[in-house]
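# Fold and contact review
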Amino acid sequence: MPVARPHAARSLSRFLVRSRGPIAALAVFLALFAFIDVISPGPLTYFDISYQISGAAPLALAAMGQTLVILSGGFDLSAGAVVSLVNATLAANMDPMDFEASVLLWTLVGVGTGMAVGAVNGFFVAFLRLQPIVVTLSTMFIVQGATLLVLEQPGGMISPTLGTFYMGDAVTGLIPSPAVLLLVAALAWMWLKASPYGIALYAVGSEPQSAAATGVRVAWVRFATYVLAGGFYGLSGVFISAQTGSGDPLVGNSLLLPMFAAVVIGGTRLGGGRGGLVGTIVGAFVLMIVVNVLLALGVSAYYSTIAEAGVLLAAVLVGAFSRDSVLMEALRRLAGAVRARRAGSSVAQRGGADRRLDFVAGRGTTQPVAAGFFARNAGTLRYSLPAWICLVLVLVATQALLGNTLGNWHFWNSLLVLSTFLVILALGQGAVILTGGLDLSVPWMIGLAGIMCAGLVQGSDVALIYAVPIVIAVAAIVGLANGLGVVALGLSPIVVTLAANGILQGAALLYSDGTPSGFASPLLRTLMTGRVFGVTPVVVLLAIIVVAGTLLLSRTPFGRRVTAIGNSPAAARLSGVRVGRVTVGVYVLSAVCAALVGILLTGFAGQASLGMGDDYLLPSIAVVVVGGALITGGRGHFLGMVGGALLLTALQTLLAGTNLPYAFRAIVFGCVVLAAVLALRDKRS
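Calculation criteria
- Residues numbered from 1 in each chain as written.
- Predicted model: local features only at pLDDT ≥ 70, side-chain atom pairs only at ≥ 80, totals over all residues.
- Heavy atoms only, no water.
- Helix = DSSP H or I, 4+ residues; strand = E, 2+ residues; numbered from the N terminus.
- Buried < 20%, exposed > 50% of the residue type's maximum accessible area, 1.4 Å probe, protein only.
- Contact = heavy atoms within 4.5 Å.
- Core = buried A, V, L, I, M, F, W, Y, C linked by side-chain atoms within 4.5 Å.
- Axes fitted to C-alpha atoms, helices over the stretch in contact; angles between N-to-C directions.
- Parallel < 35°, antiparallel > 145°, perpendicular 65-115°, else oblique.
- Expected span 1.5 Å × (residues − 1).
- Phe/Tyr/Trp six-rings, centres within 6.5 Å; stacked < 30°, edge-to-face > 60°.
- Patch = residues over 30% accessible without salt bridge, like charges linked within 9 Å, V, L, I, M, F, W, Y side chains within 5 Å.
- Areas by Shrake-Rupley, 256 points an atom, 1.4 Å probe, with all protein chains shown as cover.
- Salt bridge = Lys/Arg side-chain N within 4 Å of Asp/Glu carboxyl O.
- Polar contact = N/O pair within 3.5 Å; in protein donor to acceptor, adjacent residues only side chain to side chain.
- Left-handed = near helix turned anticlockwise from the far one by under 90°.

## Details of the overall build of the protein chain
If you tally the helices and strands in the protein chain, you get 29 helices and 2 strands. In the protein chain, which comprises 685 residues, the proportion classed as buried is 49%. Contacts in the protein chain between residues far apart in sequence, at least 24 positions, make up 81% of those at least 6 positions apart.

## What about the nonpolar core?
Ranked by internal contacts, the top residues of the largest apolar core, which has 198 residues, are Leu162, Tyr166, Leu312 and Ile446. In terms of residue count, the dominant contributor to this core is helix H18 (residues 409-434) (14 residues). Apart from residues no more than four positions distant in its own chain, Ile446 is found in contact with Leu425, Ala594, Val597, Gly598, Leu601, Met612, Gly613 and Tyr616.

## Overview of unusual backbone geometry
Phi is positive for Gln458, which is not a glycine, with a value near 50°. Residue placement: Gln458 occurs in the loop between helix H19 (442-457) and helix H20 (464-487). What makes Gln458 partly exposed here is its relative accessible area of 40%. Positive phi values are uncommon outside glycine, yet Phe533 reaches one of about 55°. Its location among the elements puts Phe533 in the loop between helix H22 (522-529) and helix H23 (538-554).

## Describing the packing of H22 against helix H26 (residues 579-605)
Look at H22 against H26: their axes get within 7 Å of each other, and the N-to-C directions meet at 90°. In this view, H22 runs roughly perpendicular relative to H26, as classed from their interaxial angle. On the side of H22, the interface is formed by Leu524, Arg525, Leu527, Met528 and Thr529, while H26 contributes Ile599, Leu600, Gly603, Phe604 and Ala605.

## Section: helix H13 (residues 277-296)
With 20 residues, H13 should reach 28 Å at 1.5 Å per residue; the first-to-last C-alpha distance of 29 Å fits that figure. Most of H13 is tucked away: 15 of the 20 residues are buried. Count one or two residues on from H13 and you reach Gly298, which has phi positive near 80°.

## Considering the environment of Ile494
Among the structural elements, Ile494 can be located in helix H21 (residues 493-512). Once the C-alpha coordinates of Ile494 and Ile133 are considered, the two residues, 361 residues apart in sequence, prove to be 8.8 Å apart. Those residues in contact with Ile494 that lie beyond four places of it in its chain are Phe75, Ile133 and Leu440.

## Thoughts on the packing of aromatic side chains
Under the counting rule described, the total for this entry stands at 13 aromatic pairs. With a centroid separation of 5.0 Å and an interplanar angle of 85°, the aromatic rings of Phe165 and Tyr166 are classed as edge-to-face. Arranged with centres 5.7 Å apart and planes meeting at 75°, the rings of Phe411 and Trp412 form a pair that is edge-to-face. Residue Trp412 is classed as partly exposed on the basis of its relative accessible area, which comes to 28%. Aromatic rings pair up to connect Phe123, Phe124, Phe127, Trp220 and Phe223 into one cluster.

## Some points on a nonpolar patch on the surface
On the surface, Val171, Leu174, Ile175, Val180 and Val184 cluster together to form a nonpolar patch covering roughly 380 Å² of accessible area. Inspection of the secondary structure puts Ile175 in strand E2 (residues 175-176). Residue Ile175 is classed as partly exposed on the basis of its relative accessible area, which comes to 32%.

## Re helix H29 (residues 663-680)
Compared with the 26 Å implied by 1.5 Å per residue over 18 residues, the 26 Å span of H29 between its first and last C-alpha is a close match. Taken together, the buried positions of H29 are occupied by Ala663, Arg665, Ile667, Phe669, Gly670, Val673, Leu674, Ala676, Val677 and Leu680.

## Some details on the side chain of Asn413
By secondary structure assignment, the location of Asn413 is in helix H18. Only 2.8 Å separates the side chain of Asn413 from the side chain of Thr536, close enough to count as a polar contact. Leaving out residues up to four positions away in the same chain, Asn413 has contacts with Arg531, Gly534, Val535, Thr536 and Val539.

## Some remarks on the packing of helix H3 (residues 46-71) against H13
Interhelical geometry of H3 versus H13 gives an angle of 135° and a closest axis separation of 8 Å. Accordingly, the angle class assigned to the pair H3 and H13 is oblique. For the pair H3 and H13, the sense of crossing is right-handed. Listed contacts from H13 to Gln52, Ile53, Ala56, Leu59, Ala60, Ala63, Met64, Thr67, Leu68 and Leu71 of H3 are Leu277, Thr280, Ile281, Ala284, Phe285, Leu287, Met288 and Asn292.

## Considerations on the environment of Val120
Position of Val120 among the secondary structure elements: in helix H5 (residues 103-127). Using a relative accessible area of 40% as the deciding quantity, one classes Val120 as partly exposed.

Here it is as structure tokens:
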């Protein structure tokens, strides 16, 4: 028996180390719960606790699905859209007067719908080996379009039977049904975690090559993971339907940011291989109680997205202080550079003499024959030309279906004006993607910039002199913060920019107090809608941006360094490229481009509005991918992106001229991106 105690102690120690994330989250939750009990006007009742559990349950269920995907090494941006689709499907098809509706049947409908979307994601990610980010972003928009076809606007009714089952008590006055649901899900995970699938899931998330070498069927594990995750999203949609009693095609959109926050708070590592669903449940409750604390303190609800983003970043930063993290590595390099400078051995302190070897041409050497244009640009043309060829086909189809377009200058002028927004976004987002990153803060950078511009200008041309520089400066600061988060802290670009998008949303709401005021000045309106010799002035700006963007990304050292980083950051660093500075620079460029689009959209519409940038996230990525760029970085040309912008704008014009519902636009855009990624992917992947 004396040997058992050390063994038990070691087992307990290992358990505490493995579970430090969930344990820390639980400690934070208990501390916040005690705090909210103190500031509450009276003692918390069973109703209060039941209400809190019901409020956190849909986020917890959706975040559990996201956790599975992240454990496998992926990301799923379509989760919120799946929740909305399930909610809309139930609201549009359930009979509100059917008080004997089968809870099991409609739950299976919701879960099955989510699993079907998960199967689509899993097929493209696991078997076609496409990047999870671009796949799930595309399916997000496809599912959003399908949701609008099912339920165009909030409405519909859910049978009360569903609400009674999920929102009632399992044991009257003692145990709420949502608590039982989460407990069952947690127990199912504990069983699944110990199963062959669970073991393979962690292996795939930790090191897929090693997992494959040991016989794990990596593709099937990933496919099953997305299917199971879709089931959790579907169950979350069923619960929200029972909770609200009606349908809303946008109900799941607000879940994406807190979903990632709950996953990270619960101790799951972004990148896969470590974490679990139990910690995610605790993370969801932490987020829920943080929002409740703010409300109890009388803090405006506009701070909710800022709080969620802040909690997400704080949770990720905790993991950034590990011994092998990028942050600690950067600090070690900085300390080494300081020691080298003090010792006088720094590279920057060496003499400036040219140490390169001379090349002396000997007899018999021949001058290299200059390659022709097509030979030099074969790779660029291969990936950029398809967008321009498809543009011609769309224009021909537009002429055939709508008539009087190709020979009509008004059509071309409108096409160029509407393309301006996407071309500008392509410059910024394209530069980020070329380095292997992604900027998800584009929507609310556009929104905040437009709201600030309209609020500062208030219809005055003179005010543009200071309003535009202020807006651009704010954007540059946001881009700098994004870049430093990626470079200095080593955080995922998706997490950093998603959190930034939430912070910008809160900032826009606070700045405008929920109702944007002000309007564009006459000069800005003329730039976007006026005519000079039959041409809208912004077309000239478009031409300047096309020339400047092409030169910047193709003919300057900055552009070459951007591409080098996308191909291999390590190789670029060894070649003398200051990877950190260039990476920060592309995020600054992206934020400034988004702000410029916000300013121009304000001039185009005459005023700014909340959510004015929401429709530009997928298109900003789509034009880059359709233009031939590789989503993982290292390949792409700005002229191809310009062709992608013109193509998507022409396609949008064609769809607008038909009788198809507006929802088809999102579906078509998502399908175009998937097709482009599949057709133009790197064959070596």
